Amino acid sequence: MQNVIINSNATKRIAYLDAMRGLVMILVVYSHVKGFTFNTGSMHFFFNDILSNTHVPLFFFLSGYLGYKTIDRFNFDFINKNSFIRFRQLIIPTFFFFPLLSYLGFKDWIYPGGFWFTPALFDMLFVYYWFMYMWTKFSNKHYWIAIIGLSATIVAISFVLNSSSWCKFLAFDYARYYVMFFALGLLARHYSEQFVKIIQNKWVITTLILLTIVIMSFSFHENLIDNNISLYYKLILIPRFCLVGIVFYLFYRTSSYWDASNFISSSMQYVGRHTLDIYMIHYFFIWPICNSIYNLIVNNPNEILLTIIAVIFTLTVVACSLIVGNFIRLSKPMAVWILGKKPNAA
């Protein structure tokens, strides 16, 4: 196995990380195909439950891992520059695609609706920049304490805003729940060598797998879930953290495969480099494509067959989203302002 640990300020793309982003984006689309149009979100099938508890935590983990900056980078100019970049990459595309989706009548959502991920990520990054800037004024040590403080700050802001409409508008209600995975990504990057050593330990990975299997097995006991819903949602955090570690370990361990030139590797990395395109555009294809076989879906109670159909339609939606994204990218201003492309990128 090739050891690939990226340094703190690396800008070169790492194949296994792009491929992991690609997998996560496909899982996001799959969960929307399955939940929004196949209406199977309430049916307990172990494969689906595993996937449903993987994609969002992994996305925020990777956002923290890849968004990490060394402490010496945080100054006022950095915050201004990067806050604007993130606003252009995350918020402006959301402001463009959300009203367009509503205007075309695909979904009657209250902002941000299904586009909540981008404002929630912006919240985390914006608070991260300012918190670390303030932290450097007092200490450059004990990074893990700073990240705990960052997480607590985001939770505190969400509770302060909780009684107002701003909490949902800014997606702080989602940021509050998922900041723990964003924080884990920051810690994993800062302590990258230690993190990799831990995740490669055979007893650690075995424990993660066993915990995931045991706790996810609760999904087969609907009465137990219904009677202890609060406990269930607390317990489900454990396999979510475990699955983040397991998936990272799998991709890290197979990093040499993702470095090779083959169809699967190239395809997954291509998807991973165009996650914003797919995230913003895929909603426009979900309902038209899947509604074409709605009667078959509704009248077929076989969850395994529905899962296979959902996978096929997921790949179709991803492909269609990439095609439209590439069409939009023919216009450089549109690529920059509604798909978040770097202005000087090729």
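Reading the values: the criteria
Residues numbered from 1 in each chain as written. Predicted model: local features only at pLDDT ≥ 70, side-chain atom pairs only at ≥ 80, totals over all residues. Heavy atoms only, no water. Helix = DSSP H or I, 4+ residues; strand = E, 2+ residues; numbered from the N terminus. Buried < 20%, exposed > 50% of the residue type's maximum accessible area, 1.4 Å probe, protein only. Contact = heavy atoms within 4.5 Å. Areas by Shrake-Rupley, 256 points an atom, 1.4 Å probe, with all protein chains shown as cover. Core = buried A, V, L, I, M, F, W, Y, C linked by side-chain atoms within 4.5 Å. Phe/Tyr/Trp six-rings, centres within 6.5 Å; stacked < 30°, edge-to-face > 60°. Lys NZ or Arg CZ within 6 Å of the ring centre and 35° of its normal. Axes fitted to C-alpha atoms, helices over the stretch in contact; angles between N-to-C directions. Parallel < 35°, antiparallel > 145°, perpendicular 65-115°, else oblique. Nonpolar A, V, L, I, M, F, W, Y, C, P; charged D, E, K, R; others polar. Left-handed = near helix turned anticlockwise from the far one by under 90°. Salt bridge = Lys/Arg side-chain N within 4 Å of Asp/Glu carboxyl O. Expected span 1.5 Å × (residues − 1). Bend = angle between axes of the 7 residues up to and from the residue. Arc of directions from axis to C-beta.

Chemist: Explain the overall build of the protein to me, using residue names and the numbers behind them.
Modeler: When helices and strands are tallied, the protein shows 20 helices and 0 strands. With 346 residues in all, the protein has 50% of them scored as buried. Excluding contacts between residues fewer than 6 apart, the proportion of contacts in the protein whose partners are at least 24 apart in sequence is 79%. Surface exposure of the protein reaches about 17000 Å², of which carbon and sulfur atoms provide 66%.

Chemist: Can you tell me about the nonpolar core, naming the residues and giving the values?
Modeler: Counting 98 residues, the largest nonpolar core has Tyr-16, Phe-60 and Tyr-128 as the members making the most contacts within it. At 13 residues, helix 5 (residues 117-136) tops the list of elements feeding residues into this core. Those residues in contact with Phe-60, other than ones at most four positions away along the chain, are Trp-116, Phe-117, Ala-120, Leu-121, Met-124, Tyr-178, Phe-181 and Phe-182.

Chemist: Which residues make up the packing of aromatic side chains, and what values go with them?
Modeler: The full count for this structure, using the stated rule, is 46 aromatic pairs. The interplanar angle of 15° and the centroid separation of 5.3 Å between the aromatic rings of Phe-60 and Tyr-178 together place this pair among those described as stacked. Highlighted residues: Phe-60 in helix 3 (residues 55-67) and Tyr-178 in helix 8 (residues 172-190), separated in sequence by 118 residues. The same class applies to Phe-60 and to Tyr-178, which are both buried. When the centroid spacing of 6.4 Å and the interplanar angle of 75° are considered together, the rings of Tyr-143 and Tyr-191 count as edge-to-face. Of this pair, Tyr-143 sits in helix 6 (residues 143-161) while Tyr-191 sits in the loop between helix 8 and helix 9 (192-200), and the two are 48 residues apart along the sequence. What makes Tyr-143 buried here is its relative accessible area of 3%. Between Arg-189 and the ring centre of Tyr-65, over which it is positioned, the NZ or CZ distance is 5.6 Å.

Chemist: With reference to specific residues and values, describe the environment of Tyr-129.
Modeler: Mapped onto the elements of the fold, Tyr-129 is located in helix 5. Note: C-alpha distance between Tyr-129 and Asn-82 (47 residues apart in sequence) is 8.4 Å.

Chemist: Give me the packing of helix 6 against helix 8: which residues, what numbers.
Modeler: Helix packing for two helices is described by the angle between their axes and how far apart those axes are. In contact at an axis separation of 9 Å, helix 6 and helix 8 are set at 170° when each is read in the N-to-C sense. What the angle tells us is that helix 6 and helix 8 run roughly antiparallel. Of the residues in helix 8, those in contact with Tyr-143, Trp-144, Ile-147, Leu-150, Ser-151, Ile-154, Val-155, Ile-157, Ser-158, Phe-159 and Leu-161 of helix 6 are Phe-172, Ala-175, Arg-176, Val-179, Phe-182, Ala-183, Leu-186, Leu-187 and His-190. Here the residues of the contact of helix 6 with helix 8 are counted per class, giving 16 nonpolar, 3 polar and 1 charged.

Chemist: Before we move on, can you summarise the packing of helix 3 against helix 13 (residues 237-253) with the specific residues and values?
Modeler: Direction vectors running N to C along helix 3 and helix 13 enclose 60°, while the axes themselves pass 9 Å from each other. Taken together, helix 3 and helix 13 sit at an angle that is classed as oblique. The two elements helix 3 and helix 13 meet at a crossing, and its hand is right-handed. Each of Pro-57, Leu-58, Phe-61 and Tyr-65 in helix 3 lies in contact with helix 13, whose residues at this interface are Arg-240, Val-244, Val-247 and Phe-248. By residue class, the composition of the contact of helix 3 with helix 13 is 7 nonpolar, no polar and 1 charged.

Chemist: Which residues make up the pattern of salt bridges, and what are the values?
Modeler: A full pass over the atoms with the stated rule returns 3 salt bridges. With its nearest N and O atoms 4.0 Å apart, the salt bridge here joins Asp-18 to Arg-273. You can see Asp-18 sitting in helix 1 (residues 15-37) and its partner Arg-273 sitting in the loop between helix 15 (263-272) and helix 16 (275-281), a full 255 residues away along the chain. Looking at Arg-273, the relative accessible area reads 36%, which means it is partly exposed. Two residues, Lys-168 and Asp-173, come together in a salt bridge whose shortest N-O distance is 3.3 Å.

Chemist: Tell me about helix 8, residues and numbers included.
Modeler: Along an α-helix, residues three or four positions apart point the same way, because every turn accommodates 3.6 residues. Between the first and last C-alpha of helix 8 there are 25 Å, a value that for 19 residues agrees with the 27 Å anticipated at 1.5 Å per step. The largest bend in helix 8 comes to about 55°, at Tyr-178. Buried residues belonging to helix 8 abut helix 3, helix 5, helix 6, helix 7 (166-169), helix 9 and helix 13.

Chemist: A description of helix 15 should follow, citing residues and the corresponding values.
Modeler: All of the buried residues along helix 15 are Ser-265, Met-268, Gln-269, Val-271 and Gly-272. Looking straight down helix 15, one finds that the buried residues subtend no more than 160° of arc, so they occupy a single side.

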